[in-house]
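One-letter residues, chain by chain:
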There are 2 protein chains.
Amino acid sequence: MDLRQAQYVIAVVDNGSFTAAAASIPVSQPALSQAIANLERELGTPLFHRLGRSVSLTAAGEAFVPPARQMLRDAEVARAAVTAVAGLDAGRLDLVSLPTLVVEPLVELVGRFRRAHPGVLVRISEPEDSADLIEQVRSGEAELGLGDTVPDDASLEGHLIGRQRMLAVLPPGTDLGSSTSLAATRLASFPLITTPRGTSTRRLLTTALRDRDPDADPAIGVVTEHREAIVPLVMAGAGAAVLPEPLARNAAALGATVAPLSPRVEREVVLVHRRGALSPAAEVFRALADGG
Amino acid sequence: MDLRQAQYVIAVVDNGSFTAAAASIPVSQPALSQAIANLERELGTPLFHRLGRSVSLTAAGEAFVPPARQMLRDAEVARAAVTAVAGLDAGRLDLVSLPTLVVEPLVELVGRFRRAHPGVLVRISEPEDSADLIEQVRSGEAELGLGDTVPDDASLEGHLIGRQRMLAVLPPGTDLGSSTSLAATRLASFPLITTPRGTSTRRLLTTALRDRDPDADPAIGVVTEHREAIVPLVMAGAGAAVLPEPLARNAAALGATVAPLSPRVEREVVLVHRRGALSPAAEVFRALADGG
DNA sequence: TCTAGCCATAAGTAGATCCTATCGAACGCA
DNA sequence: TGCGTTCGATAGGATCTACTTATGGCTAGA
C-alpha cells in the first residue's frame, strides 16, 4: 500500500471514472489503472466494479475509502506541522544559559523572540556549570547556549554578542572614600560571598583577584549555591560580592554600595551552538542576539 | 512523502538509531538513510539532529512523528477493513429478488448466510419487474438477482437453482370433484386474481393458460399490485389465483382450496449475476444457493 | 450498425530504490 | 594520545517500479 495508490483510489471515487480521475491528478489513465490494479492485487480483493463504461465501489472498496481519506489527511497534517515549525509558527527552541546571564541579556532576547514568534515554545535549562553548558549544546540537549567563554571544541561555534562589566557589591554604608571605584586589593580585604568552585562567577572572581595580586589570599566569607541569596547576604553585612553590572545595579537600588572594580573586570557574553545548520528558530534567535 | 518514508522515520524514533532501525525493518542502513534524507529534502527541514554517534529529533521531527504514526495506523485500518470484507467478517451483499421468490427460497438462503457470516449486511431490493431485475444486476446496483428466467444477455450469467410448481388457489369450499388437480380449462372458468401485466406472476399465468388453449380468454377478476392482498381476496371469494407452491401452501393452511394445475405448470428459480468474478460474499451465497 | 467513450493491456523508457563496499567522524578504552 | 569500534553518509551498479504512448476490447447511444 502507498499514499499514491490511496490518492488514486480517492480520485476515482470523487471523479466517478478512471479517466476523469487521471486527468485531475494529473497522471495518464493507464498509470492510474495499473496502480489501482496493483493495490487490488496486494489487498487480494477488487476495490471497484468495472462496468464497462462506468465504475462503482465494491464492498471492499467502501471499507477502504474512509481510512484511506484519513491517511491522506494525516499526510497533509504531517506536512503542515513540519512547515509550521520551519516557518516559526510552531515548534520549540531549546536554550541553556548561565544563571547570571538569564536576567541580562537572555530575558530581553527571549521576550523579543516570543513577541515575533508566539507559536514557538522557548525552553531554558540551567546547566550545572560552564562545562555542563557546553555539553548540553554539544549533545543536542540544547540548541543554543549562553555562556561566557568561546568553547575550545571543533564541533562548536561561539559568537561574542556582548560584554558585561563586573561590579563590587558592598554592604550599605560602606565608605569608599573619594574614589568612585574599588581597587582589587581593597576588595580582597572584605569577606567575600560567592558561589562554589567551578561556577563561572566564582572563576571570574578569583581570576580577577589573582590578576591583581597573585599572592593575595582572598577571605571567602560565604559560599552558597543559592545565587538569589547573595544580594541579601551583602545587605545583611555578611560580606562583599562581585556581580555582573545588571545584578549589581539591582542591589544598588536596594541600598547596597556598588562600585566598579579597578582595574576594570569584564566578562564576555558568548552564544554557543553546534557547527552547521541551525533550526529556523535558532537562526532567528542568533540574528536577534547578534544584531541587538 | 510516502508511507515507507514515514515508517522509516518512526523506526528510527523507536529504535534510537538509523542502524538499529534499518535492522528492524529490515532494510539496509544506507537505504534508510537515503530515504529519510529525501524526505527531509522534500519537507525542506531536517527531522533529525545527527550527533555523530546518536540521533535526536528536531523540533520539526517532533511535529512530524504523531501524524506519521497516525498515517501508518490508518494504513493498517484500511488493510484490515478490506481483509474483513474479503474474509466475510464485514461488508455488504446486495441482492435483488422477484417478490414471489423472497419468501421461498430467498429467506432461507439469507438466513443461512447470515448465520454463517453475521458481519455481512444483506440488502434486498425489489425490482419493478423482471426487466428491472436484470437491469439492476447488469448495472451493479445489485450483485445477485433471484429471478425466473435465464437472461438473454452475454454479460450476465444465470444458474438454475430450483423449480417451483404453480398451484391454483381457490376460495374455501370450492368443489374439485374427484380429481386432485385442476385442468387449465377449469381454471379459466374462474375469475382470476393477479398482478399487473409485466410482472412475472402474471406472465406465468397467461402463458400457462395459453399453452393449454390459445383461444381461451381468461376472465381477469382483480388486478392488484399488492401481492399480499391476493390470498385474502381468494379467501373472500373474489376469485382464483395461481401462486407458487410455498405461497399456495400458506393459503391452504388458512382454509383455501389448493390444487396443482393439470398439466403441471412450473417456473424456474434462477440466480443471476454478472459474468466474471464475484465478491467473496456473493460467491458464498451462490454456493449456498447451488448446494441447497 | 456504427461511432464515441472508457478501461485494460502492451512495450519501452526514465527514475527510484535497493544492495554492497567504503569513507569520515565520534566515542571509549588503553 | 592513539587505536579500535560504531555510527551515519556516500558511491557505484543492478533491479525494480512507475510512467509514458499506442492500441485493443467492450459498452452505450445514435
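So, here is what we can say about the structure in this document. Just so it is clear, the model here is predicted, and its values are computed rather than measured.

Calculation criteria
- Residues numbered from 1 in each chain as written.
- Chains lettered and ligands numbered in written order.
- Predicted model: local features only at pLDDT ≥ 70, side-chain atom pairs only at ≥ 80, totals over all residues.
- Heavy atoms only, no water.
- Near = heavy atom within 4 Å.
- Polar contact = N/O pair within 3.5 Å; in protein donor to acceptor, adjacent residues only side chain to side chain.
- Helix = DSSP H or I, 4+ residues; strand = E, 2+ residues; numbered from the N terminus.
- Nonpolar A, V, L, I, M, F, W, Y, C, P; charged D, E, K, R; others polar.
- Axes fitted to C-alpha atoms, helices over the stretch in contact; angles between N-to-C directions.
- Parallel < 35°, antiparallel > 145°, perpendicular 65-115°, else oblique.
- Left-handed = near helix turned anticlockwise from the far one by under 90°.
- Contact = heavy atoms within 4.5 Å.
- Buried < 20%, exposed > 50% of the residue type's maximum accessible area, 1.4 Å probe, protein only.
- Buried area = accessible area lost by both parts, 1.4 Å probe.
- Salt bridge = Lys/Arg side-chain N within 4 Å of Asp/Glu carboxyl O.
- Pairing = 2+ DSSP bridges.

## Brief notes about the protein's contact with DNA strand D
Near DNA strand D there are 19 residues, and of these Tyr8 and Ser28 of chain A together with Phe18, Thr19 and Arg50 of chain B occur at the shortest range. Restricting the count to atoms of DNA strand D within 4 Å of the protein gives a sugar and phosphate share of 71%. One of the side-chain nitrogen or oxygen atoms of Arg4 of chain A is found 2.9 Å away from a phosphate oxygen of DNA strand D. Tyr8 of chain A places a side-chain nitrogen or oxygen 2.7 Å from a phosphate oxygen of DNA strand D. Mapped by element, the contributors of at least two residues to the surface near DNA strand D are helix H1 (3-15) and helix H3 (29-43) of chain A together with helix H2 (18-24) and helix H3 (29-43) of chain B. Split by residue class, the surface near DNA strand D holds six nonpolar, eight polar and five charged.

## Let's talk about the packing of H1 of chain A against helix H4 (residues 59-86) of chain A
Describing two packed helices takes the angle between their axes plus the distance from one axis to the other. All names here are of chain A. Contact geometry for H1 and H4: axes closest at 9 Å, N-to-C directions at 120°. The angle between the axes of H1 and H4 places the two elements in the oblique class. In this structure, the crossing between H1 and H4 has a hand that is left-handed. Each of Leu3, Ala6, Gln7, Val9, Ile10, Val13 and Asp14 in H1 lies in contact with H4, whose residues at this interface are Phe64, Val65, Ala68, Arg69, Met71, Leu72 and Ala75. Along the lines of polarity and charge, the residues of the contact of H1 with H4 split into 11 nonpolar, one polar and two charged.

## Describing the environment of Thr174 of chain B
All names here are of chain B. For Thr174, the location among the structural elements is in the loop between strand E6 (156-170) and strand E7 (182-183). A relative accessible area of 19% places Thr174 in the buried class. Separated by 83 residues in the primary sequence, Thr174 and Thr257 place their C-alpha atoms 6.3 Å from one another. Setting aside chain neighbours within four positions, we find Thr174 in contact with Arg186, Phe190 and Thr257.

## Here's the deal with the interface of chain B and chain A
On the chain A side, the residues contacting the 32 residues of chain B number 32 residues. Overall, the association of chain B and chain A removes approximately 2,700 Å² of surface from exposure, summing both partners, and the carbon and sulfur fraction of that is 70%. If you sort the residues of chain B by the area they bury against chain A, Met1, Arg79 and Val82 of chain B come out on top, with a joint share of 19%. Taken together, the connections running from chain B to chain A amount to two salt bridges.

## Observations regarding unusual backbone geometry
All names here are of chain A. Here Ser262 and Pro263 are connected by a cis peptide whose omega angle stands at -5°. Residue placement: Pro263 occurs in the loop between strand E11 (257-262) and strand E12 (266-274). For Leu88, which is not glycine, the phi dihedral falls at a positive 60°. Structurally, Leu88 is set in the loop between H4 and strand E3 (92-97). Judged by its relative accessible area of 8%, Leu88 falls in the buried class.

## Observations concerning the pairing of strand E5 (residues 144-147) of chain B
Residue and element names in this part refer to chain B. A two-sided burial pattern is seen for E5, the buried positions comprising Leu144 and Leu146 on one face and Gly145 and Gly147 on the other. Here strand E3 (residues 92-97) runs beside E5; their pairing, made up of three bridges, is parallel. The partner of Ser97 across the bridge, within E5, is Leu146. As paired strands, E5 and strand E12 (residues 266-274) are joined by four bridges and run antiparallel to one another.

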